[in-house]
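Summary of the model geometry
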Amino acid sequence: VQLVESGGGLVQPGGSLRLSCAASGFAFSSYAMAWYRQAPGKEREVVAAITSGGGNTNYADSVKGRFTCSRDNAKNTVYLQMNSLKPEDTAVYYCNADVLVGLSWTNYWGQGTQVTVSS
């Protein structure tokens, strides 16, 4: 199982970024996916989650109305569209999946992509 995030960078407050997470090594379309973030000195927190088919999404209150999570199961990719970015959105963003491997559920993380919101 491999999760590879991309799309992070430096953006001014009010700007937008789209993160991507390319998945491989498992039946991507069968699993829910999630985005987390971790700011310096803070615990990792969940930002958004999406069901396997993409029909349902949930968001942390802090990003609701500004972030949109989507997926393309044909491309084995999940996205996080981030609009109206604020300095407090600065963090490393991670893609996450719980995958059934044999008879055990295993939690997988990508390497993370840095998002910095600053003028």
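Look a little higher up for the structure.
As the structure is a computational prediction, the values presented were derived from the model and not from experiment.

Looking now at the state of the cysteines. Among covalent bonds in proteins, the disulfide is the one between the sulfur atoms of two cysteines. Applying the stated rule across the entire model yields one disulfide. Across the disulfide, C21 is cross-linked to C95 (sulfur-sulfur distance 2.2 Å). Note on the C21 and C95 pair: the S-S dihedral is about -85°, so by sign convention the disulfide is left-handed. Remark: C95 occurs in strand β9 (residues 91-101) and C21 occurs in strand β3 (residues 17-24); sequence separation between them is 74 residues. Just as C21 is buried, C95 falls in that class too.

A separate point is the sheet that holds β3. Within the open sheet, the four strands sit side by side as β1-β3-β8-β7. Their pairing is antiparallel. Of all strands in the sheet, those bounded by a partner on one side alone are β1 (2-6) and β7 (67-72). Geometrically, the sheet is characterised by an average inter-axis angle of 15° between neighbouring strands, direction not taken into account. Inspection of the sheet shows β1 paired to β3 by five bridges, in the antiparallel sense. If you follow L3 over to β3, its bridge partner there is A23.

Time to look at the packing of aromatic side chains. Scanning the entire structure with this criterion turns up five aromatic pairs. A connected cluster of aromatic rings, assembled from ring pairs, spans F26, F28, Y31 and W105. One residue, R44, lies across the ring of Y94, its end atom 3.7 Å from the ring centre. In this arrangement the basic side chain of R44 is found over the ring face of W109, its NZ or CZ atom lying 4.4 Å from the centre.

For β9, a buried count of eight out of eleven residues is recorded, marking the element as mostly surrounded by other parts of the structure. Bridge count between strand β4 (residues 33-38) and β9: five bridges; the pairing is antiparallel. Counterpart to A34 in the pairing with β9 is N96. Relative to strand β11 (residues 113-117), β9 runs antiparallel, the two being bridged by three bridges.

Reading the values: rules and limits
Residues numbered from 1 in each chain as written. Predicted model: local features only at pLDDT ≥ 70, side-chain atom pairs only at ≥ 80, totals over all residues. Heavy atoms only, no water. Disulfide = S-S within 2.5 Å. Helix = DSSP H or I, 4+ residues; strand = E, 2+ residues; numbered from the N terminus. Buried < 20%, exposed > 50% of the residue type's maximum accessible area, 1.4 Å probe, protein only. Pairing = 2+ DSSP bridges. Axes fitted to C-alpha atoms, helices over the stretch in contact; angles between N-to-C directions. Phe/Tyr/Trp six-rings, centres within 6.5 Å; stacked < 30°, edge-to-face > 60°. Lys NZ or Arg CZ within 6 Å of the ring centre and 35° of its normal.

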